[in-house]
Amino acid sequence: MSQTAATPGSSSLMGFVHRRRRGAELFLLVLALAVGIGAYAAVGIGVQEKVPADLLGYGGWLAALVIVAHVVIRFVAPYADPVLLPVVAALNGLGLAVIHRLDLAKEAADKPHAFAQQQLTWMTLGVVLFVVTLLALRDHRVLQRFTYTSGLAAIVLLLLPMLPGIGRTINGARIWIHVGPFSFQPGEVAKVLLVVTFSGYLVLHRDALALAGRRFLFVDLPRGRDLGPILVMWVVSLGILVRQQDLGSSLLFFGLFLVMLYVATERPGWLVVGGLLFAAGATLAYYLFSHVQVRFDIWLHPFDYYNKNGDQAFQPVEAQFGMGWGGLIGRGFGDGDPNRVPFAESDFIVAAIGEELGLTAVIAVILLYGLIVERALRIALICRDGFGKLMATGLGSIFALQVFVVVGGVTSLIPLTGLTTPFLSYGGSSLIANWVIVAILLRISDQARRPAPQLSDDTAAIGDDATQVVKLG
Amino acid sequence: MSELTLFLIRISYLAILWIFVLSAISVIRSDMFGARVPEAARGGGRAAGRTPKPAKPPSRRRGTPTHLLVTEGSNAGERVDLANAPILIGRGADAAIRLDDDYVSTRHARIAASGETWFVEDLGSTNGTYVGTVRITQPTTITLGTQVRIGKTILELRK
């Protein structure tokens, strides 16, 4: 860790700088558009046997969004990472096409739903907020000033769905608020705010956390006053989520906190402590909540709950049938039946991709997520300030954990918990929050990759040299 | 639409998807080490403004620091040969100069060379690194006798 952290800094001294790579970004964006628009055209041909009539309009809109984002990056963050935006654009485009395909299936079943239309609106809003974030946030370090403010805001946001009147329970989880015609999942924004809080706090206290304290069972426990505030913040947010029965988000926040604590203190002991805590918490939840028991049982014995016992495993089992039927290269758009899976457009979109495009596409999608995470960690490595390092790590691990929890759940690797698949799933709050996360990552990477400004006291050095020469002469 | 056309469309879409993934990876690969900047472009301005060549060797002999000395603080007197550069300063076990000072971070600052010039770089420490009275935010050149303050400790380059 120490070596890797040390190299990038010296690299700027040893004579190489990062290039801007905006051309490479544009090239990748064109390919990303081909992925998005190609999927839309393939859906039209596969389902309706003709190229969709609005292909030009749709493609033009998608291209316009992406180009606007690209041009804004060119102007306000010229050194930003060239891969993030294209990857995100490709995932979002693919997601839109799959949601559109599911809409068509619903239309055929006389239950029309314009999810794709809405998702495109959300994407537009997401890109607008992406641009606003890049324009307003010229230096990510100002976020450090809002360490405690954003922590408070995150807790308030998490509490909002509990309020009578605007809070709403949908599908068993009370994580929504409704204001007029709009509904929103405040937890999606809260995760960004919590990353800011964690990084702001940990960057200030990491030395105290890592060095001061007593040793207890192989682990150096930090002093209560060092860990206390952040622990309280974390327990409160976790408690709220557990009360709302939002298992996926609780898992996400738990993992996020653990990763950031580990990265900040460089103590592997935290992973041991965290693993034990997780095991204890999971066991407790298993015995306390009946729905956790059922979830766990469905994961181990899905067929005991398929077509009997309330048919509670219908969703995961149908998803597995679908993915099995899809095989290596899929049924092709229009030839599968992804609509059999309930909520295929949100939690189970990976199953829909697996059914119609096959394992080949699912691997590509997971690789794309891997690239996002890799880029985030790379940004963390080359970033010059501790706050930026921690924030990039935190934001990257949000994607990593979220994809692991949801794709693992859909493929029955781990028990199913509801979370959105970033950028693919239908869901406005999540899509917008993720676009903002990418904007913040690009801002940090622009700062990190920008060549160091001309050294300030060059003139003093020249002056010194000159005096010595005169002395000699 | 015929079975074959649909099959071809399916295969070509998967191909597009993977071409995108592989191109993204290849961009990352070419980005791995950034661009090497030619020495002339980097230090060009400075080299041109310097003293004429003949005068340089003696000034280098006189002006080249050979070690780093702790002049003040609890570790005063400790010295490290600059041949071991880059030199890591901090409270951690991997530091070349281990400072026993509450105001020093685990990996606090680093001293490295670029050609003839020596730099001090803060590694994101909590209490900062000062050159003279100024807290540094980026790698800063130091010369013989420049006082670098870290916590309660002061370091200097010496001959």
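Residues numbered from 1 in each chain as written. Chains lettered and ligands numbered in written order. Predicted model: local features only at pLDDT ≥ 70, side-chain atom pairs only at ≥ 80, totals over all residues.

Colleague: How should I be thinking about the overall build of chain A in this particular structure?
Modeller: On a plain count of helices and strands, chain A comes out with 17 helices and 6 strands. For chain A, restricting intrachain contacts to residue pairs at least 6 apart in sequence, the fraction spanning at least 24 positions comes to 70%. (Helix = DSSP H or I, 4+ residues; strand = E, 2+ residues; numbered from the N terminus. Contact = placed C-beta atoms within 7 Å.)

Colleague: How do you make sense of the overall build of chain B when you look at a structure like this?
Modeller: Along the backbone of chain B there are 3 helices and 12 strands. Here chain B holds 159 residues, and the buried ones make up 30% of them. (Buried ≥ 20, exposed ≤ 12 C-beta atoms within 10 Å, placed from the backbone.)

Colleague: What am I meant to see in the environment of Leu104(A) here?
Modeller: Residues and elements named next belong to chain A. Locating Leu 104 in the fold gives a position in helix H4 (residues 84-108). Taking the number of C-beta atoms within 10 Å as the measure of exposure, Leu 104 has 21 and is therefore buried. In sequence terms Leu 104 and Gly 167 are 63 residues apart; their C-alpha atoms lie 31 Å from each other.

Colleague: It is not clear to me how the sheet that holds strand S10 (residues 140-142) of chain B should be interpreted in this structure. Could you clarify?
Modeller: Across a sheet, paired strands are connected by hydrogen bonds in the backbone, their directions being either parallel or antiparallel. Residues and elements named next belong to chain B. Spatially, S5-S4-S6-S7-S10 is the arrangement adopted by the 5 strands of the open sheet, whose pairing is mixed. Unpaired on one side and paired on the other, strand S5 (97-98) and S10 mark the two borders of the sheet. Of the strand pairs in this sheet, strand S4 (residues 87-90) and strand S6 (residues 109-114) are connected by 3 bridges, and their pairing is antiparallel. Note that in S6 the partner of Ile 89 across the bridge is Ala 109. (Pairing = 2+ DSSP bridges.)

Colleague: Could you clarify how one ought to interpret the pairing of S6(B) in this entry?
Modeller: Moving residue by residue along a regular strand, the side chains alternate between the two faces of the sheet. All names here are of chain B. Bridge analysis of S6 against strand S7 (residues 117-122) gives 6 bridges, and the strand direction is antiparallel. Within S7, the position partnered with Ala 109 by the bridge is Asp 122. From the end of S6 to the start of S7, which pair antiparallel, there are 2 residues, and Gly 115 there has a positive phi angle of about 65 degrees.

Colleague: I would appreciate a short explanation of the packing of helix H6 (residues 147-159) of chain A against helix H7 (residues 186-211) of chain A in the present structure.
Modeller: A pair of packed helices is captured by two measures, namely the crossing angle of their axes and the spacing between those axes. Residues and elements named next belong to chain A. Across the interface, H6 lies against H7 with an axial gap of 8 Å and an inter-helix angle of 155 degrees. By the angle between their axes, H6 is roughly antiparallel relative to H7. Note that H6 runs across H7; the crossing there is left-handed. Here Thr 147, Ser 150, Gly 151, Ala 153, Ala 154, Leu 157 and Leu 158 of H6 come into contact with H7, specifically with Pro 186, Gly 187, Val 189, Ala 190, Leu 193, Leu 194, Val 196, Thr 197, Gly 200 and Tyr 201. In terms of residue class, the contact of H6 with H7 is made up of 11 nonpolar, 6 polar and no charged. (Axes fitted to C-alpha atoms, helices over the stretch in contact; angles between N-to-C directions. Parallel < 35°, antiparallel > 145°, perpendicular 65-115°, else oblique. Left-handed = near helix turned anticlockwise from the far one by under 90°. Nonpolar A, V, L, I, M, F, W, Y, C, P; charged D, E, K, R; others polar.)

Colleague: What exactly am I supposed to notice about the nonpolar core here?
Modeller: Soluble globular proteins: nonpolar side chains tend toward being buried together. If you look at the biggest cluster of nonpolar residues, it comprises 137 residues, and the most contacted ones within it are Met260(A) and Leu441(A). What Leu441(A) contacts, discounting residues up to four positions off in sequence, is Leu84(A), Ala376(A), Ile379(A), Ala392(A) and Leu395(A). (Core = buried A, V, L, I, M, F, W, Y, C linked by C-beta atoms within 7 Å.)

Colleague: Sorry, what's going on with the environment of His291(A) here?
Modeller: Residue and element names in this part refer to chain A. Mapped onto the fold, His 291 is located in helix H11 (residues 290-300). Residue classification places His 291 among the exposed positions, given that 12 C-beta atoms sit within 10 Å. Spatially, the C-alpha atom of His 291 lies 9.3 Å from that of Gln 245, the residues being 46 residues apart in sequence.

Colleague: Got a minute to help me understand unusual backbone geometry in this structure?
Modeller: All names here are of chain A. At Asp 110, a position not held by glycine, the phi torsion is positive, near 60 degrees. Following the sequence through the fold, Asp 110 ends up in the loop between H4 and helix H5 (115-136). Note on Asp 110: 6 C-beta atoms within 10 Å, which makes it exposed. A positive phi angle, close to 55 degrees, is found at Phe 343, a residue other than glycine. Residue position: Phe 343 is located in the loop between helix H12 (314-326) and helix H13 (349-356). By C-beta crowding, Phe 343 is classed as partly exposed, having 16 other C-beta atoms within 10 Å.

Colleague: Can you walk me through the confidence of the model for chain B in this structure?
Modeller: A low pLDDT score tells you not to read the predicted coordinates there in detail. All names here are of chain B. Looking at chain B, the pLDDT average stands at 77 and 80% of residues meet or exceed 70. For chain B, the element scoring lowest by mean pLDDT is helix H2 (residues 39-49), at 44; helix H1 (residues 3-31) scores highest, at 92. Confidence drops under pLDDT 50 across residues 42-61; counting only partners more than four residues distant or on other chains, this segment forms 20 contacts. The complex model carries a pTM of 0.76, and its ipTM stands at 0.87. (pLDDT = per-residue confidence, 0-100.)

Colleague: Any chance you could explain helix H3 (residues 55-76) of chain A here in plain terms?
Modeller: Helical geometry: 3.6 residues make up each α-helical turn, so side chains three or four residues apart lie on a common side. Residues and elements named next belong to chain A. Relative to the 32 Å expected for 22 residues at 1.5 Å per residue, H3 spans 31 Å between its end C-alpha atoms, a close match to the ideal helical length. Buried within H3 are the following residues: Tyr 58, Leu 62, Leu 65, Val 66, Ala 69 and Ile 73. The arc enclosing the buried residues of H3, seen along the axis, measures out at 80 degrees, which places them on a common side. For H3, the exposed residues set more than 90 degrees away from the buried face come down to Leu 56, Gly 57, Gly 60, Ala 64 and Phe 75. Of the surrounding elements, those touching the buried residues of H3 are helix H2 (22-48), H4, H5 and helix H16 (428-449). (Expected span 1.5 Å × (residues − 1). Arc of directions from axis to C-beta.)

Colleague: Is there a simple way to think about H12(A) in this case?
Modeller: Residues and elements named next belong to chain A. Over its 13 residues, H12 extends 18 Å from the first C-alpha to the last, a length consistent with the 18 Å expected when each residue adds 1.5 Å. The inward-facing, buried residues of H12 contact H11, H13, helix H14 (358-382) and helix H15 (386-410). The positive-phi residue at the C-terminal boundary of H12 is Gly 327, with phi of around 65 degrees.

Colleague: I would appreciate a short explanation of the packing of H14(A) against H16(A) in the present structure.
Modeller: Residue and element names in this part refer to chain A. Running from N to C, H14 and H16 point in directions that differ by 40 degrees, and their axes come no closer than 9 Å. As judged from the angle between their axes, H14 and H16 are oblique. The two elements H14 and H16 meet at a crossing, and its hand is left-handed. Between H14, through Ala 376, Ile 379 and Ile 382, and H16, the contact on the second element is made entirely by Leu 441, Ile 444, Ser 445, Ala 448 and Arg 449. When grouped by side-chain class, the residues that make up the contact of H14 with H16 number 6 nonpolar, 1 polar and 1 charged.

Colleague: For this particular structure, what's the right way to read the confidence of the model for chain A?
Modeller: All names here are of chain A. Of all residues in chain A, 90% have pLDDT values of 70 or greater, and the mean over the chain is 84. Between residues 1-14, whose pLDDT stays under 50, and residues either more than four places distant or in other chains, the model counts 23 contacts. Within the model, pLDDT remains below 50 along residues 456-473, and this stretch shows 24 contacts once partners closer than five positions in the same chain are excluded.

Colleague: What is the right way to read the environment of Arg375(A) from this model?
Modeller: Residue and element names in this part refer to chain A. Here Arg 375 lies in helix H14. Taking the C-beta count within 10 Å as the criterion, Arg 375 has 25 such neighbours and is therefore assigned buried. Taking the C-alpha atoms as reference, Arg 375 lies 25 Å from Ala 64; in sequence the two are 311 residues apart. Once you skip the residues sitting within four places of it in the chain, Arg 375 turns out to touch Asp 81, Val 83 and Leu 84.

Colleague: So what exactly am I meant to see when it comes to the sheet that holds strand S3 (residues 173-179) of chain A here?
Modeller: Residues and elements named next belong to chain A. The antiparallel open sheet is built from 3 strands, whose spatial order is S2-S3-S4. Two strands close off the open sheet at either side, each with one partner strand: strand S2 (167-170) and strand S4 (182-184). Within the sheet, the average angular offset between the axes of one strand and its neighbour, ignoring direction, is 40 degrees. As defined by bridge partners, S3 adjoins S4 across 3 bridges and the pair is classed as antiparallel. Paired with His 178 across the bridge in S4 is Ser 183.

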